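Residues per chain are reported as follows:
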Amino acid sequence: MNLTIPDNAPFTNNQRMWLKGFLDGITSTILAPPLVPSSSVPTAGYPLTIAWGSQTGTCETLAKKAAKSLAANGHIPTVLNMQLISAEILTTTQRLLIITSTYGDGEPPDNAAALHAVLHSADAPQLPSLHYSVLALGDSSYPDFCKCGRDFDERLAALGASRSAPYIECDVDYDSPFAEWITAVGAFLAPA
Ligand SMILES: Cc1cc2nc3c(=O)[nH]c(=O)nc-3n(C[C@H](O)[C@H](O)[C@H](O)COP(=O)(O)O)c2cc1C
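The following paragraphs examine the structure supplied in this document. Because the structure is a prediction, the values reported are computed rather than measured.

Burial of strand β1 (residues 47–53) is extensive: six of the seven residues sit out of reach of the surface. Bridging between β1 and strand β2 (residues 76–81) involves six bridges; their strand directions are parallel. The partner of Leu48 across the bridge, within β2, is Pro77. For the crossover from β1 across helix α2 (residues 58–72) to β2, the handedness is right-handed.

As structure tokens, then:
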């Protein structure tokens, strides 16, 4: 923004010079944006739920790690045991991340079984407002590799939810796919 003195303003040359200096000072100190390094400006953050399904703790640990990483980027994650999530809650959830393992012969871990069942039932609600991404943990020595994670990923899409970052499967070495997934999730998080 520029503050200027109209040509026909009734000032002498001296008065005009003084006034110009005064107005330039206002422009540069009061109206100019503060000089803050861009790295210290907080990014806009989004609230999101990170739900974990786990039998022996690995996915719970990764959910907490994901929350820490996203919070460091200004987002507002809530980590939840999948047992505490109902299909009804999902109808009003906008951003959901699922991290789950597979147990038995391609079955959900115990704490993910109820949500898995209700979402796969005929009564499952449509979820058009939900944006989600699934990270599946498993072990490729089992025939139904990562089946539970894949079930959630495919079923949420079938119920009208949108995949906000790609579905990723992890074998026993999960560090690098986890890092890839959390980077993708951070990049895709957007207003719902
Ligand atoms: C008894 C048992 C059954 C398993 N069944 C499968 C399976 O069917 N498919 C699969 O991909 N992984 C299977 N796994 C591997 C787990 O999903 C994997 O170790 C995972 O990282 C465990 O994560 P968690 O500690 O969060 O439960 C099985 C592991 C055990 C011990």
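It is worth spelling out helix α6 (residues 175–188) at this point. Helical periodicity: at 3.6 residues per turn, an α-helix aligns residues three or four positions apart in one direction. In this model α6 runs 20 Å from its N-terminal to its C-terminal C-alpha over 14 residues, within 8% of the 20 Å that 1.5 Å per residue would give. Among all positions in α6, only Pro177, Phe178, Trp181, Ile182, Ala184 and Val185 are buried. One face of α6 carries all of its buried residues, which in axial projection span an arc of 160°. When the buried face of α6 is taken as reference, the exposed residues oriented beyond 90 degrees from it are Asp175, Ser176, Thr183 and Ala187.

With that settled, the discussion passes to the site of the ligand. The immediate surroundings of the ligand are formed by 19 residues, with Ser54, Thr56, Thr58, Thr102 and Cys146 found nearest. Between the ligand and Ser101 there is a distance of 2.8 Å, counted from an oxygen atom to a side-chain nitrogen or oxygen. For the ligand, the accessible surface in isolation is 650 Å², of which the surrounding protein chains cover 80%. Here the residues of the shell around the ligand sort into six nonpolar, 10 polar and three charged.

Rules behind the numbers
- Residues numbered from 1 in each chain as written.
- Predicted model: local features only at pLDDT ≥ 70, side-chain atom pairs only at ≥ 80, totals over all residues.
- Heavy atoms only, no water.
- Buried < 20%, exposed > 50% of the residue type's maximum accessible area, 1.4 Å probe, protein only.
- Helix = DSSP H or I, 4+ residues; strand = E, 2+ residues; numbered from the N terminus.
- Pairing = 2+ DSSP bridges.
- Right-handed = clockwise from strand over helix to strand, strands pointing away.
- Expected span 1.5 Å × (residues − 1).
- Arc of directions from axis to C-beta.
- Near = heavy atom within 4 Å.
- Polar contact = N/O pair within 3.5 Å; in protein donor to acceptor, adjacent residues only side chain to side chain.
- Areas by Shrake-Rupley, 256 points an atom, 1.4 Å probe, with all protein chains shown as cover.
- Nonpolar A, V, L, I, M, F, W, Y, C, P; charged D, E, K, R; others polar.

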